[in-house]
Amino acid sequence: MELRVDPGVYEPAEDSQMILGAAMDYRPRSALELGTGCGLAAIALSKTGCQFVLATDVSIEAIRCAGNNARKYAPRLHLLLCDLFGGIDRRFDLVLFNPPYLPVEATAGEEVYWAGGPRGRLLIDRFICSVDHYLSEDGRALLLQSSLNELELSHQLAAEKGLQSTLISSRKFFFEELHVLELRQVG
Ligand SMILES: C[S@@+](CC[C@H](N)C(=O)[O-])C[C@H]1O[C@@H](n2cnc3c(N)ncnc32)[C@H](O)[C@@H]1O
């Protein structure tokens, strides 16, 4: 599969491959990918048999790009331009998010891919605080984050929200370690 990545859209990198690899270990009937970029993980889930896949992004360039890629590889993929969970009103077996996580202040422009606010946790915290409303009874959420984002804070916040958080994969890179966290509702 050769996906086109248009100007202004995040070029898939190690983080994209890690969350994609983690997602492929599940067999969800429905999946939601937030911040889909060029659509890589959402298209892969749709192609491998997930019946209902919704891919979202806050960037119109990303939604157009993912739409063009989906036309070729996953025509049943649904797309939505929105901020995080805004406008989504159903639950999913699998929810994925590879958020902007670098600890820098976002301004207008391409920083939307990677700028996660002063501690890099702006989107991470918003995601953990809301994701339980979008998980089916036995649903799982996968969240990519970096050693730059104080992983322990995610475990604490998840526990406060009544979610069980498990580190399912980690890989060291030059200046950071990347982690995939699995979140699920307890009980
Ligand atoms: C690190 S990129 C990941 C792109 C793609 N999922 C991948 O793994 O290659 C983060 C994506 O999140 C999107 N994004 C940033 N803020 C967002 C928000 N508030 N709601 C939804 N998507 C957002 C960006 O436009 C970008 O496409």
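In this text the structure is predicted, and so the values were computed from the model without any measurement.

Rules used throughout
Every chain is numbered on its own, with residues counted from 1 as its sequence reads. Where local features are concerned, this predicted model is filtered to residues with pLDDT of at least 70; where side-chain atom pairs are given and counted, the filter is 80 or more; whole-chain, interface and lining totals use all residues. Orientation is described by axes fitted as lines to C-alpha atoms, over the contacting stretch for helices, and by angles from 0 to 180 degrees between their N-to-C directions. Labels follow the DSSP assignment, with helices taken as runs of H or I lasting at least four residues and strands as runs of E lasting at least two, numbered in each case from the N terminus. An angle counts as roughly parallel when it lies under 35 degrees, as roughly antiparallel when it exceeds 145, as roughly perpendicular when it falls between 65 and 115, and as oblique in every other case. Crossings are classed by handedness, with left-handed meaning an anticlockwise turn of the near helix from the far one by less than a right angle and right-handed meaning a clockwise turn. We call two residues in contact when their backbone-placed C-beta atoms lie within 7 Å. At least two bridges found by DSSP between two strands are what make those strands a pair. A set of buried residues drawn from Ala, Val, Leu, Ile, Met, Phe, Trp, Tyr and Cys, joined through C-beta atoms within 7 Å, is what defines a nonpolar core. Residue burial is a threshold on neighbouring C-beta atoms within 10 Å of the residue's own C-beta, all placed from the backbone, with 20 or more meaning buried, 12 or fewer meaning exposed, and counts in between meaning partly exposed. Helix span, as expected, comes to 1.5 Å for every residue beyond the first. Comment: arc refers to directions from the helix axis out to C-beta atoms.

1. Some points on the packing of helix H1 (residues 14-23) against helix H2 (residues 40-47)
Remark: H1 packs on H2, axes separated minimally by 10 Å, with the N-to-C direction vectors making an angle of 25°. One element, H1, and the other, H2, form an angle in the roughly parallel class. At the point where H1 passes H2, the crossing takes the right-handed sense. For the pair formed by H1 and H2, the contact residues are Ser-16, Ile-19, Leu-20 and Ala-23 on the first element and Leu-40, Ala-41, Ala-44 and Leu-45 on the second.

2. Some words on the sheet that holds strand E7 (residues 177-185)
Spatially, seven strands are ordered E3-E2-E1-E4-E5-E7-E6 in an open sheet, and the strand pairing comes out mixed. A single partner strand is all that each edge strand has here, and the edge strands are strand E3 (78-81) and strand E6 (163-172). Taken over all neighbouring pairs, the strand axes of this sheet differ in orientation by 15° on average, direction set aside. Here strand E5 (residues 135-146) runs beside E7; their pairing, made up of seven bridges, is antiparallel. What sits directly across from Ala-141, in E7, is Leu-183.

3. A short note on the nonpolar core
Core analysis: the largest hydrophobic core is formed by 49 residues, its most contacted members being Ile-19, Ala-23, Ala-41, Val-95, Leu-96 and Leu-143. With six residues, H2 is the single largest residue contributor to this core.

4. Comments concerning the pairing of strand E4 (residues 92-97)
Counting buried positions along E4 gives six out of six residues, so the element sits mostly inside the fold. Judged from the four bridges that link them, strand E1 (residues 30-34) and E4 form a sheet pairing that is parallel. Within the sheet, the bridge partner assigned to Leu-34 lies in E4 and is Phe-97. Across five bridges, E4 lies against E5 in parallel orientation. Of the residues in E5, the one forming a bridge with Val-95 is Ala-141.

5. Some thoughts on unusual backbone geometry
Positive phi is not limited to glycine here, since Leu-84 has a value of about 45°. One non-glycine residue, Glu-150, lies in positive phi territory at about 55°. Here Glu-150 lies in the loop between E5 and helix H5 (151-160).

6. So, helix H3 (residues 60-73)
For an α-helix, 3.6 residues make a turn, and residues three or four places apart therefore share a direction. With 14 residues, H3 extends 20 Å from end C-alpha to end C-alpha; this agrees with the ideal 20 Å at 1.5 Å per step. Buried within H3 we find Ala-62, Ile-63, Cys-65, Ala-66, Asn-69 and Ala-70. In a view along the axis of H3, the buried residues occupy a sector of 165°, so they form one face of it. For H3, the exposed residues lying more than 90 degrees away from the buried face are Ile-60, Arg-71 and Lys-72. In this structure, the buried residues of H3 make contact with H2, strand E2 (52-57) and E3.

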